[in-house]
Amino acid sequence: MGQRKRREVGFRMGIATTFVLLFAPSIAFITWFVYAQNSRLVRDIADSIIAESSDAIITESGSLFDPVGATVDALGGVGDIDPQALHSPDLIKSMLRTIQDTRQFYSLFIGFVADGSFSEVIRIPKGLQKFGPNQTPVPPKAGFVLRTVRRPPGEPTVEQYVYVNDSGEKVLTETLPTSSFELTAQTFFKTAAAGPGKRRITDLVAYDTSEKVGVTVARTFSHDGQIAGVVGGNISLDKFSYFLRHNVPGKHGVALILDAAGKLVAHPDPAQVARRQGMSLTIMSAAELNSPAVRGALPGHRFGSERRLYKAADGNEYVASFKPFTDTFGKRWEILIVVPTNDFLAGLKKTTEDVLLLGAVCLIASALLQRRAANGFFVKLEEQQPCRT
């Protein structure tokens, strides 16, 4: 009797074990297959989302440059017709109103080749404590600076900074005892003069006076076939930071704008773009950022569209997308978006784990039911057999 009982127990366990061994691999394979298919689908959707984010940043970047470019073209057109019209003493007041009404401007300027004169209206960034070549404390009510450079015949060059409030009322005047400003030696003049009469954008410039990084949109104007002067608008690129913060996909993604040399044009945190080293402000490169995710995307990349999937030094997997600005923009800039793959796959992984757990529970429950059914089978078998005495 005891031997028979042991055989019955072994048979029951064999049924349960066979059931588990038969169905467990099937459940695991089906779960893996579904996860792999859905994972590819999620990655395709992620690529689409990243591409849309890149397009949105490019579009919004254009909206930052367009008003500045339109103003520069308009003033340059006036200069082409009548350069003396840009010499009007009242023009700087009009420039101030333009700066006030167009938030994209950091500054707006006009310069003349013949006498080297230069007029510029500069917006004082909020929170800036000191401004100008002498690091002058910013008066509490000052919102703008009217900078002028004049070269009276036979006299030293005079450079003056007039701080004004939002109403244009004078708050403080500072005159430099000497000035080394040379219009034709400025980078923006050289850039514009390389394409006379056409709007040009300079390379990145660090504004030591305001701790900002920006570019200049400049255009020359001519008289009698010769370059007579230049008009331009400076754009502080920290305004890009808002676009980058609000157009990046994923919870932990980051979007950057880089130039062709890998220098930072814009970062979600404006303070990361440039750092003061000694007496000068230095524009940082993406490779210098304290971000394993960003640094991991850079090796071997050449300017142009590219998508990468890689594991960074922090052990996490990331997807990186590089997309250049359009040729019509005028600068070799590109957008880099880096997102942890887990931002897209975390939900799918959690669902897969839940499915596996549920499958395991169902498998165990089914095995127990199979064992119970086997028990019932043997009980009925014993009831049908005659008793042996």
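Residues numbered from 1 in each chain as written. Predicted model: local features only at pLDDT ≥ 70, side-chain atom pairs only at ≥ 80, totals over all residues. Heavy atoms only, no water.

### Remarks on the overall build of the protein
Across its full length, the protein carries six helices and 18 strands. By sequence separation, contacts in the protein at least 24 residues apart represent 54% of the contacts at least 6 residues apart. Accessible area of the protein: about 21100 Å², with a carbon and sulfur share of 56%. (Helix = DSSP H or I, 4+ residues; strand = E, 2+ residues; numbered from the N terminus. Contact = heavy atoms within 4.5 Å. Areas by Shrake-Rupley, 256 points an atom, 1.4 Å probe, with all protein chains shown as cover.)

### Focus on the pattern of salt bridges
This model, assessed by the stated rule, comprises nine salt bridges. With its nearest N and O atoms 3.9 Å apart, the salt bridge here joins R219 to D73. Here R219 is found in strand 10 (residues 212–223), whereas its partner D73 is found in helix 1 (residues 2–81), with 146 residues between them in sequence. A salt bridge links R219 to D80; its shortest N-O distance comes to 2.8 Å. In this pair, R219 is assigned in strand 10 and D80 in helix 1, connecting sequence segments 139 residues apart. Judged by relative accessible area, which is 32%, D80 ranks as partly exposed. Each of D73, D80, R199 and R219 takes part in salt bridges that share partners, so that together they form one network. (Salt bridge = Lys/Arg side-chain N within 4 Å of Asp/Glu carboxyl O. Buried < 20%, exposed > 50% of the residue type's maximum accessible area, 1.4 Å probe, protein only.)

### Description of unusual backbone geometry
The general pattern is negative phi for most residues beyond glycine and trans for most peptide bonds. A positive phi angle, near 50°, is found at Q135, a position not held by glycine. Counting through the fold element by element, Q135 comes out in the loop between strand 3 (130–131) and strand 4 (136–137).

### Details of helix 2 (residues 91–101)
The α-helix advances 3.6 residues per turn, and as a result positions three or four apart in sequence lie on the same side. Looking at helix 2, one finds that the buried residues are L91, I92, M95, L96 and I99. All buried residues of helix 2 fall inside an arc of 145° around its axis, so they share one side. In helix 2, those exposed residues whose orientation departs by more than 90 degrees from the buried face are K93 and D101. Among the structural elements, strand 1 (107–112), strand 2 (118–123), strand 5 (144–150) and strand 6 (158–164) are those in contact with the buried residues of helix 2. (Arc of directions from axis to C-beta.)

### Focus on the pairing of strand 1
Side-chain positions along a regular strand alternate between the two faces of the sheet. In terms of residue burial, strand 1 counts as a mostly covered element, since six of its six residues are buried. The alternating pattern of strand 1 places S107, F109 and G111 on one face and L108, I110 and F112 on the opposite face, and all of these are buried. Sheet analysis places strand 1 next to strand 11 (residues 226–236), joined by six bridges and oriented antiparallel. Across the sheet, residue F112 finds its bridge partner in strand 11, namely G229. The sheet contact formed by strand 1 and strand 2 spans five bridges and is antiparallel. If you follow L108 over to strand 2, its bridge partner there is V121. If you look at the hairpin formed by strand 1 and strand 2, you'll find five residues sitting between the two strands, and G116 has a positive phi there, around 70°. (Pairing = 2+ DSSP bridges.)

### Considering the nonpolar core
The tendency in soluble globular proteins is for nonpolar side chains to be buried as a group. In this structure, F65, L237, F240, I257, W333, L336 and V338 are the most contacted members of the largest nonpolar core, which totals 69 residues. When residues of this core are assigned to their parent elements, the largest contribution, eight residues, is made by helix 1. Y106, L128, F131 and V138 belong to the second largest nonpolar core, which has twelve residues in total. (Core = buried A, V, L, I, M, F, W, Y, C linked by side-chain atoms within 4.5 Å.)

### A few points about the packing of aromatic side chains
The tally for this structure, following the rule as stated, stands at 15 aromatic pairs. Judged by centre distance (5.0 Å) and plane angle (75°), the rings of F65 and F329 are edge-to-face. Taken together, the residues span a long stretch of sequence, with F65 in helix 1 and F329 in the loop between strand 17 (317–324) and strand 18 (333–340) at a distance of 264 residues. Side by side, F65 and F329 carry an identical accessibility label, which is buried. Their ring planes at 45° and their centres at 4.4 Å tell us that F109 and F188 sit as a pair that is tilted. Linking F109 in strand 1 with F188 in helix 3 (residues 187–193), this pair joins segments that are 79 residues apart in sequence. The exposure classification of F109 matches that of F188, with both residues buried. Members of the aromatic cluster, each reached through a chain of ring pairs, are F65, F240, F243, F325, F329 and W333. (Phe/Tyr/Trp six-rings, centres within 6.5 Å; stacked < 30°, edge-to-face > 60°.)

### Quick look at the sheet that holds strand 17
One open sheet accounts for five strands, arranged 13-12-18-17-16; its pairing is antiparallel. Two strands bound the open sheet, and with one partner strand each, they are strand 13 (264–266) and strand 16 (306–311). Averaged over all pairs of adjacent strands, the angle between strand axes in this sheet comes to 30°, irrespective of strand direction. Sheet topology places strand 16 next to strand 17; six bridges connect them, and they run antiparallel. Across the sheet, the residue bridging to Y310 is Y318, located in strand 17. (Axes fitted to C-alpha atoms, helices over the stretch in contact; angles between N-to-C directions.)

### Topic: the side chain of N234
Secondary-structure assignment places N234 in strand 11. When its relative accessible area of 7% is taken as the criterion, N234 is described as buried. A distance of 3.4 Å separates a polar atom in the side chain of N234 from a polar atom in the side chain of E120. A distance of 2.3 Å separates polar atoms of two side chains, one belonging to N234 and the other to T216. Setting aside chain neighbours within four positions, we find N234 in contact with Q104, F105, Y106, S107, F109, E120, Y207, V215 and T216. (Polar contact = N/O pair within 3.5 Å; in protein donor to acceptor, adjacent residues only side chain to side chain.)

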